[in-house]
Amino acid sequence: MSTSQGDHPAEAPVRSGIVVGVDGSDQSVCALLWAAQEAERRRSPLYVVTAYTVPVFAASSMDAGYATVDDSVIREGARAVLDEAVAHLSGRGLEVIPRIETGDAAGVLLDLSAEADLVVVGSRGRGGFVGRLLGSVSSALPAHAKSPTVIVPLSCAPRFGQPQLVGRSKGEPGPPASGIERVVVVGVDGSEQARRASLAAAEEAVSRGIPLRVICSIPPFNGSLAWVPAPLDREALHADITVQLEAGRNWLQSHFPGLEITVEQLDGPPAEVLINASRTAELLVVGTRGRGGFTGMLMGSTSQGVLHHAKGPVMVVPDSEDPRLLDRSSFGPMIPPVG
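Quantities reported herein were computed from a predicted structural model and do not represent experimental measurements.

Q: Mind laying out the pattern of salt bridges, listing which residues take part and the relevant values?
A: Proximity of charged atoms lets side chains of opposite charge pair with each other. Counting across every chain of the model gives 16 salt bridges. Its salt-bridge partner being Glu204, residue Arg41 comes within 3.6 Å of it at the nearest N-O pair. With Arg41 in helix H1 (residues 26-42) and Glu204 in helix H6 (residues 192-208), the pair connects residues that are 163 residues apart, well separated along the chain. Take Arg41: its relative accessible area is 32%, and that puts it in the partly exposed class. The salt bridge involving Glu204 is made with Arg42; its shortest N-O contact spans 3.1 Å.

Q: Explain the confidence of the model for the protein residue by residue, including any values.
A: Confidence in the prediction for the protein averages 81 pLDDT; 74% of positions are at 70 or higher. The least confident element of the protein is strand E4 (residues 56-58), whose mean pLDDT is 51; the most confident is strand E2 (residues 18-21), at 96. Taken together, the stretch residues 58-62 has pLDDT below 50 and engages in four contacts with residues farther than four places along the chain or on a different chain. Contacts from residues 126-134, a stretch scored under 50 in pLDDT, to residues over four places away or in other chains number 37 contacts.

Q: Describe the environment of Glu181, with residues and values.
A: Among the structural elements, Glu181 can be located in strand E9 (residues 181-188). Separated by 102 residues in sequence, Glu181 and Leu283 place their C-alpha atoms 9.5 Å apart. The contact partners of Glu181, leaving out residues within four places of it in the chain, are Arg213, Thr280, Ala281 and Glu282. Engagement of the side chain of Glu181 in a polar contact is seen with the side chain of Arg213, the distance being 2.7 Å.

Q: Describe the state of the cysteines, and please don't skip the residues or the numbers.
A: On inspection of all chains with the given rule, the structure shows zero disulfides. A disulfide-free cysteine, Cys30 has its sulfur positioned 5.2 Å from the sulfur of Cys156, the nearest such atom. Here Cys30 falls in the buried class, since its relative accessible area comes to 0%.

Q: Tell me about the environment of Gln27, and please be specific about residues and values.
A: Mapping Gln27 onto the fold places it in helix H1. You can call Gln27 buried: its relative accessible area is 16%.

Q: Which residues make up unusual backbone geometry, and what values do they have?
A: The phi dihedral of Arg43 is positive, around 60°, even though this residue is not glycine. Following the sequence through the fold, Arg43 ends up in the loop between H1 and strand E3 (46-52).

Basis of the calculations
- Residues numbered from 1 in each chain as written.
- Predicted model: local features only at pLDDT ≥ 70, side-chain atom pairs only at ≥ 80, totals over all residues.
- Heavy atoms only, no water.
- Salt bridge = Lys/Arg side-chain N within 4 Å of Asp/Glu carboxyl O.
- Helix = DSSP H or I, 4+ residues; strand = E, 2+ residues; numbered from the N terminus.
- Buried < 20%, exposed > 50% of the residue type's maximum accessible area, 1.4 Å probe, protein only.
- pLDDT = per-residue confidence, 0-100.
- Contact = heavy atoms within 4.5 Å.
- Polar contact = N/O pair within 3.5 Å; in protein donor to acceptor, adjacent residues only side chain to side chain.
- Disulfide = S-S within 2.5 Å.

Right under this line is the structure:
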């Protein structure tokens, strides 16, 4: 393992590579192990980042003004967290670049995402001086990051040979590595964000040399399918979506001719379908927003349930310009836009 020594100041930008946020929790260890595995696969540098802020307390006397906590004490705690994280990577042939940053953790990681290839965080973290690093960060970061974000739940620990992490935190254990299907799954709903996610998922599948499975959920009718003419005919709906999924598959195949791509419709609430798919998929990919299906709920209340209850890594793909989106309509019908 090649490890750069010392703190890397905020003004030294990330020059591509993978950024992983750590805070000393078991959740962040799990995220770190996934990020290290991904860095090895991509042959990318791995930036291991922890962030802290210096709290300011109002004194009981107005004459006293404000008192600040000694920055050096908190920084030493952050350094201990970082050193422990780097120790987990001992023996790996990785370029590991540790960084201690000051500031709000979500803001720090968001800034780093502008140059990173990928940002990785755990689904939850601990409180204390890095309290926001893996808690609300894993909720806020995917919606605003410039690079794809991967949320790694603690239930992934058995995949890395660390089942004790799950037991120690009394979480629900996920399947062992032997139970993971070598497939990338992407959830789609006809939105442009979902098509971006499909392209990213196909790239991930190609880079791993494994198939891509495209899933569309048909939720119970509750007004979320406002684009469907009333009265709702589920049989006709399934038939229409079959045509649309096949058209989408043909479009993806045109851009990834050597990739094995299958499409599937599943009945059920999108969040439930996503969580079930994450149990055994090597990677689940979604977009940032959509029309009320997979991606539409990702940044809303349902999305928080998905990101915090998924049993495998979830990649959230940000909005971006992609010329490959321009020829989708030439391959067949798409779900019409809302409104």
